[in-house]
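# Breakdown of the fold
Listed below, chain by chain, are the residues.
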Amino acid sequence: MVLSLVLLTLAALGAPLDASSLVASSSLPLSTQGPDITDRHGKKVRLACVNWYGAHMEQMVNNGLDVQPMTSIAESIVRLGFNCVRVPFSLYLVLGNLTSVPEANVALAANPLLINQSPLEVFDETVNALTRAGLLVVLNNHASRAMWCCDPFDGEGLWYTDSYPEEEWLRGLGLMAARYVLNVKVVGFDLRNELRSSNLGFPHWGGSASSPPNWAEAAVKGGHRVAENNPNMLIIISAMHFPMLLCDVEQYPQHIVDDVLRGRTVYTPHEYSWWSLHLVVAETLQLYFTRLGLSFFAATLGVVARRQRLLREKRLLRVLCWLDKPGRNASLGRWVSVAVLSTWALALGVQLGRFYANSCKAHGLVAAIFYLWSARVLALLSWFAWLRLLLAWFCRAGEINTGAFQCDLPAPSYMEMETPQSSDVDNLVQRYGNLDAEPGSSSPTHVWIASKLAEGRQQMRWLCTRPRWAVLAVVTLLPFVMLEEARRTCGLYESFEKDLDFRWGFLLQRDNVNAAPIWLGEFGTAENSLWWQYLMRYLHEHEVSWAYWPLNGYKYRGEDETYGLLEMDFATVRDAWKLEDLQKLMERPTTVAVAVVFVVVVVVLVVVVVVVLVVVVVFVAVTNKMNRNKNNNYASPDED
């Protein structure tokens, strides 16, 4: 009884998935109901998958078969806690009539029985090994040609290419769906990977069928072809634009209006850190403010050291102040302009990027990416301009009003003079060191310095009134206020959540009449970054099905896959923290019903313990009383 209570308590609290938590064949096929994927009994199923790639590439078989038997890899996936695998393939693999694997002795070194089989037969064996281990499998048409995916210029952005027209794509889907019709654990078909721009056009969702390429229309065709050949498969439809956006699904909900897709459609976006535009802003501005702060701190220390005569090394000063010598830039006016204007450009670029990031159209997304990534360049330019001014402050030992900034002199005539007084020239000569004459002389150097000093004063004369200084201060500080607000806001989880909700998370809302399941088909990283932590939180709170990219230890043989869960030996876990975070997502959530059961079990357990203690206490008390009475009875005859 106690053991049963302990097991029930653990189940209530949530335990990591293992082989006993895999989806049983008797619960298949899967279907959809609102934002949930459900089994044949109506129970919610959460797909916790991993991508295992390679068959879509030039070697035509999955990576790792050269170092581990495929059964060992399948068993490792189960031990790691996953319940399904996304397996990419190319149309070339299906339609190319290939008879042998390129360099089979190398690619299949750990699976010698497969060396003489065709690439498609090896793919069959891979799928069968996974399903025999109890794993679900989702097929994914990753590309048409055998290649690594993806970029905007590879010609593979649409579901059709120059070499593989739409009918060939549909034929490939039908052949692969029919190939696994008897394997009930092949549960889904991801119709096409990462819809994006191509040399053949820019994809859009819905609208007029006469304006191709219409991915909504093509997805319906692809879904029909799969359903005709395998009625038990989920139809998984990619988001668009690498694929980030599903916002237009709200207007054209094909999973609702099409009878074949209804009750079996899942949408799949992908997420990587570089697409999280708000966090790109936050990270850029955090680095920008850190650089500015450190620069200001260093310059302040330098000024203090010079004024206290703690820094007297002339050679060091000459090196540091090389840019601040007369003739290299006697007037700082232009650098003030560059600093202020570049800071304003940075602030406006960030605001424009944030505005366009909330666009569901491709041109808006491109504009957001342009503005926000340009902000990195502007941040560097702004920081360098302010650094130049801080350098001048240091080199002049904090006397920023000298020369071009001399605005507080008592005699107005001093500001208007054409040629500075000799004492000012002497001060400049003493400050900048060994020139070609001694102070007080009228050498060409002194004359040149005087002319530059007068020129600088003329350029900066408009600043020499208090109202204008006030205007300059406001104009300078305002973009910093805007940038700090952007840094703080964009770095919040709420901004991250709002961004994902806008792009695809709205389909998970149960009050949405067009609600549909989301399966995050790819996401990966090599760093335990803020983006990763936020994404883990989002997936957990919204109970999203997912597939981590990738399991692989290498991309090509000898080329490390830094995002991979495993090392190149396909046995050793690469990053323990990453696997631990993913396993937390695999925990069964504590529902209200289970929580109630847990509370009831705890209460019952406490009551049982209390009752046992009361019985024991009563029993001891009765026993002691009986013993005392017995002792008294024995003692009575002696007393008589």
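Structure: above.
Source: prediction; values computed, not measured.

## A look at the packing of helix H18 (residues 530–542) against helix H19 (residues 576–585)
Where H18 contacts H19, the two axes come as close as 9 Å, and the packing angle between them is 15°. By the criterion of interaxial angle, the relationship of H18 to H19 is roughly parallel. Both H18 and H19 take part in a crossing whose hand is right-handed. From H18, Trp-532, Met-536, Leu-539 and His-540 reach across to H19, where they touch Trp-577, Lys-578, Asp-581, Leu-582 and Leu-585.

## As for the packing of aromatic side chains
Counted according to the given criterion, the structure contains 31 aromatic pairs. Taken together, a centroid distance of 6.0 Å and an interplanar angle of 80° make the contact between Phe-89 and Phe-189 edge-to-face. Highlighted residues: Phe-89 in strand E4 (residues 84–90) and Phe-189 in strand E6 (residues 186–190), separated in sequence by 100 residues. We note that Phe-89, like Phe-189, is buried. Considering the side-chain rings of Trp-159 and Trp-215, the 5.2 Å spacing of their centres and the 35° angle between planes classify their relative orientation as tilted. Taken as a pair, Trp-159 in the loop between strand E5 (136–143) and helix H6 (166–179) and Trp-215 in helix H7 (residues 215–229) lie far apart in primary sequence, 56 residues in all. Judged by relative accessible area, Trp-215 falls into the buried class, the value being 0%. What links up through ring pairs into an aromatic cluster is the set Phe-82, Phe-523, Trp-531, Trp-532, Trp-546, Tyr-548 and Trp-577. Lying over the aromatic face of Trp-383, Arg-291 brings its terminal NZ or CZ to 5.5 Å of the ring centre.

## So, the state of the cysteines
Per the stated rule, a full pass over the model turns up three disulfides. One disulfide in the model links Cys-247 with Cys-360; its S-S distance is 2.2 Å. Torsion about the S-S bond of the Cys-247 and Cys-360 cystine: about 110°, corresponding to right-handed handedness. Of this pair, Cys-247 sits in the loop between strand E7 (234–238) and helix H8 (254–257) while Cys-360 sits in the loop between helix H11 (333–356) and helix H12 (362–395), and the two are 113 residues apart along the sequence. This pair shows no difference in class: Cys-247 is buried, exactly as Cys-360 is.

## Structural notes on the pairing of E6
Among the five residues in E6, five count as buried, and that is most of the element. With four bridges connecting them, E5 and E6 associate as parallel partners. When the sheet's bridge partners are listed, Val-138 is paired in E6 with Gly-188. In this fold, the crossover linking E5 to E6 by way of H6 has right-handed handedness.

## Concerning the pairing of strand E12 (residues 545–548)
Side chains Ser-545 and Ala-547 of E12 all project onto a buried face; the interleaved residues Trp-546 and Tyr-548 project onto the opposite face, where all are buried too. Relative to E12, strand E3 (residues 48–51) runs parallel, the two sharing three bridges. Note on E12: the bridge partner recorded for Cys-49 is Ala-547. Examined bridge by bridge, strand E10 (residues 519–520) and E12 share two bridges and lie parallel to one another. Bridge pairing links Leu-520 to Trp-546 in E12.

## So, the environment of Arg-179
Within the secondary structure, Arg-179 is located in helix H6. The sequence separation of Arg-179 and Asn-230 amounts to 51 residues, and the corresponding C-alpha distance is 8.7 Å. With residues up to four places along the chain from it excluded, the contact list for Arg-179 reads Leu-120 and Asp-124. Polar contacts involving the side chain of Arg-179 include one to the side chain of Asp-124, which spans 2.7 Å.

## Quick word on the pattern of salt bridges
Side chains that differ in charge, positive against negative, can pair when their charged atoms come close. On inspection of all chains with the given rule, the structure shows 23 salt bridges. Among the salt bridges present, the one from Arg-196 reaches Asp-154, with a minimum N-O distance of 2.9 Å. Here Asp-154 lies in the loop between E5 and H6 and Arg-196 lies in the loop between E6 and H7, a separation of 42 residues in the sequence. In this structure, Arg-196 and Asp-154 share a single accessibility class: buried. Residues Asp-575 and Lys-578 are paired through a salt bridge, measuring 3.5 Å at the closest nitrogen-oxygen approach. Summarising the burial analysis for this pair, Asp-575 and Lys-578 share the class buried. Here the salt bridges do not stand alone but share partners, grouping Asp-36, Lys-44, Arg-510 and Glu-543 into one network.

So, how was this worked out
Residues numbered from 1 in each chain as written. Predicted model: local features only at pLDDT ≥ 70, side-chain atom pairs only at ≥ 80, totals over all residues. Heavy atoms only, no water. Axes fitted to C-alpha atoms, helices over the stretch in contact; angles between N-to-C directions. Helix = DSSP H or I, 4+ residues; strand = E, 2+ residues; numbered from the N terminus. Parallel < 35°, antiparallel > 145°, perpendicular 65-115°, else oblique. Left-handed = near helix turned anticlockwise from the far one by under 90°. Contact = heavy atoms within 4.5 Å. Phe/Tyr/Trp six-rings, centres within 6.5 Å; stacked < 30°, edge-to-face > 60°. Buried < 20%, exposed > 50% of the residue type's maximum accessible area, 1.4 Å probe, protein only. Lys NZ or Arg CZ within 6 Å of the ring centre and 35° of its normal. Disulfide = S-S within 2.5 Å. Pairing = 2+ DSSP bridges. Right-handed = clockwise from strand over helix to strand, strands pointing away. Polar contact = N/O pair within 3.5 Å; in protein donor to acceptor, adjacent residues only side chain to side chain. Salt bridge = Lys/Arg side-chain N within 4 Å of Asp/Glu carboxyl O.

Geometric descriptors of this kind do not, in isolation, establish any biological role.
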